[in-house]
Amino acid sequence: MDSDRVTRRRVGDAEARRANRRWWDADADEYQAEHGAFLGDVDFVWCPEGLREADARLLGDVAGRRVLEVGCGAAACARWLATQGARPVAFDLSAGMLRHATRAADTSGVRVPLVQADALALPFADRSFDVACTAFGAIPFVDDSAALMREVFRVLRPGGRWVFSVTHPMRWIFLDDPGEGGLTAVHSYFDRSPYVEQDDHGEASYVEQHRTLGDRIRELVAAGFRLVDLVEPEWPPGHEGIWGQWSPLRGRLFPGTAIFVAEKPAD
């Protein structure tokens, strides 16, 4: 990406929604070609560090529970949940990613309900799910992530669990460089300006939002959630893969992923 097409500027919800829907529709094939083998067709991988729900069990016992996968992409997580006895529903804004979800269902034989929807206006009834989860879906791509937290709170039943992984906020201090160039701090941690790629007309073509750890916790608490845990997966020995700006070099020095585990208080 040319440096003159990359900036840090405020982007409203409408522009961010247009940009990211177009981006993921256009990039779906390339994304799956690059990362599909790592993610699998029926697997739940929380992050580039390779932490799996089968090992972490951050969602608790999902058997018999209605689970909502937020920003599901190709819905590998939802299909894995179905094999564990859950009753998942998966949604995404991108038709391109849902096309891959349909294709993977045909390949694997594991089918889950798929919905095209906006995370800021969930088409589900109040208190209709026991668990909600996402591995890097939706949250970094909306301007009003506090509203997203409120929507998830609304559709969860009392006692329900909400678990999501995002890029660790401290990564925003550094360039997106998996090598030595990504070891030098160049940005303020406290600058919430989104990362924006834009076209020749200055219209955003990709937008990713930054929030601090404190911001995320305050969003959860303000929505009504209780924070249960904050997991920062360590880079595992023997993992030599590179995923974008994630690499063994950086992963062994500072965290690349933050996983928030929250619950809706029981009545």
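As the structure is a computational prediction, the values presented were derived from the model and not from experiment. (Residues numbered from 1 in each chain as written. Predicted model: local features only at pLDDT ≥ 70, side-chain atom pairs only at ≥ 80, totals over all residues. Heavy atoms only, no water.)

Asker: I would appreciate a short explanation of the side chain of Asp118 in the present structure.
Answerer: By secondary structure assignment, the location of Asp118 is in the loop between strand E4 (114-116) and strand E5 (129-135). Assessed through its relative accessible area of 18%, Asp118 is described here as buried. Among the polar contacts listed, one links the side chain of Asp118 to the side chain of Arg17, at a separation of 2.6 Å. At 2.9 Å, the side chain of Asp118 forms a polar contact with the backbone nitrogen of Leu120. Setting aside its immediate chain neighbours within four residues, Asp118 contacts Arg17, Phe91 and Leu93. (Helix = DSSP H or I, 4+ residues; strand = E, 2+ residues; numbered from the N terminus. Buried < 20%, exposed > 50% of the residue type's maximum accessible area, 1.4 Å probe, protein only. Polar contact = N/O pair within 3.5 Å; in protein donor to acceptor, adjacent residues only side chain to side chain. Contact = heavy atoms within 4.5 Å.)

Asker: Got a minute to help me understand the nonpolar core in this structure?
Answerer: The nonpolar side chains of a soluble globular protein tend to be buried, and buried together. With 29 residues, the main nonpolar core has Leu68, Leu148 and Trp162 as its most contacted residues. Elements supplying a minimum of two residues to this core: strand E3 (87-92), E5, helix H5 (145-155), strand E6 (156-167), helix H6 (213-223) and strand E10 (257-263). If you tally residues by element for this core, the top one is H5, at five residues. When sequence neighbours within four positions are dropped, the list of residues in contact with Leu148 reads Ala119, Leu120, Ala138, Ile139, Val142 and Trp162. (Core = buried A, V, L, I, M, F, W, Y, C linked by side-chain atoms within 4.5 Å.)

Asker: Would you explain unusual backbone geometry in this entry?
Answerer: For residues besides glycine, phi is generally negative; the peptide bonds are generally trans as well. Look at Arg57: it is not a glycine, yet its phi comes out positive at around 50°. Counting through the fold element by element, Arg57 comes out in the loop between helix H2 (53-56) and strand E2 (66-69). The class for Arg57 is partly exposed, based on a relative accessible area of 42%. Phi at Ala138 takes a positive value of approximately 65°, unusual for a residue other than glycine. With respect to the helices, strands and loops of the structure, Ala138 is situated in the loop between E5 and H5. Exposure remark for Ala138: the relative accessible area of 15% places this residue in the buried category.

Asker: Quick question: what am I supposed to make of the packing of aromatic side chains here?
Answerer: Geometry of an aromatic ring pair is reported as the spacing of the ring centres plus the angle between the planes. Within the structure shown, the criterion is met by 17 aromatic pairs. On the basis of an interplanar angle of 10° and a centroid distance of 4.6 Å, the ring pair of Phe174 and Phe254 is categorised as stacked. Taken together, the positions of Phe174 in the loop between E6 and strand E7 (195-198) and Phe254 in the loop between helix H7 (248-251) and E10 put the pair 80 residues apart, joining distant regions of the chain. With a relative accessible area of 10%, Phe174 lands in the buried category. Residue Phe254 is classed as buried on the basis of its relative accessible area of 11%. Members of the aromatic cluster, each reached through a chain of ring pairs, are Trp23, Trp24, Tyr31, Phe38, Phe141, Tyr195, Tyr206 and Trp243. Over the aromatic face of Phe129 sits the side chain of Arg66, whose NZ or CZ is 4.6 Å from the ring centroid. Sitting over the ring of Phe153, Lys264 keeps its end group 4.4 Å from the ring centre. (Phe/Tyr/Trp six-rings, centres within 6.5 Å; stacked < 30°, edge-to-face > 60°. Lys NZ or Arg CZ within 6 Å of the ring centre and 35° of its normal.)

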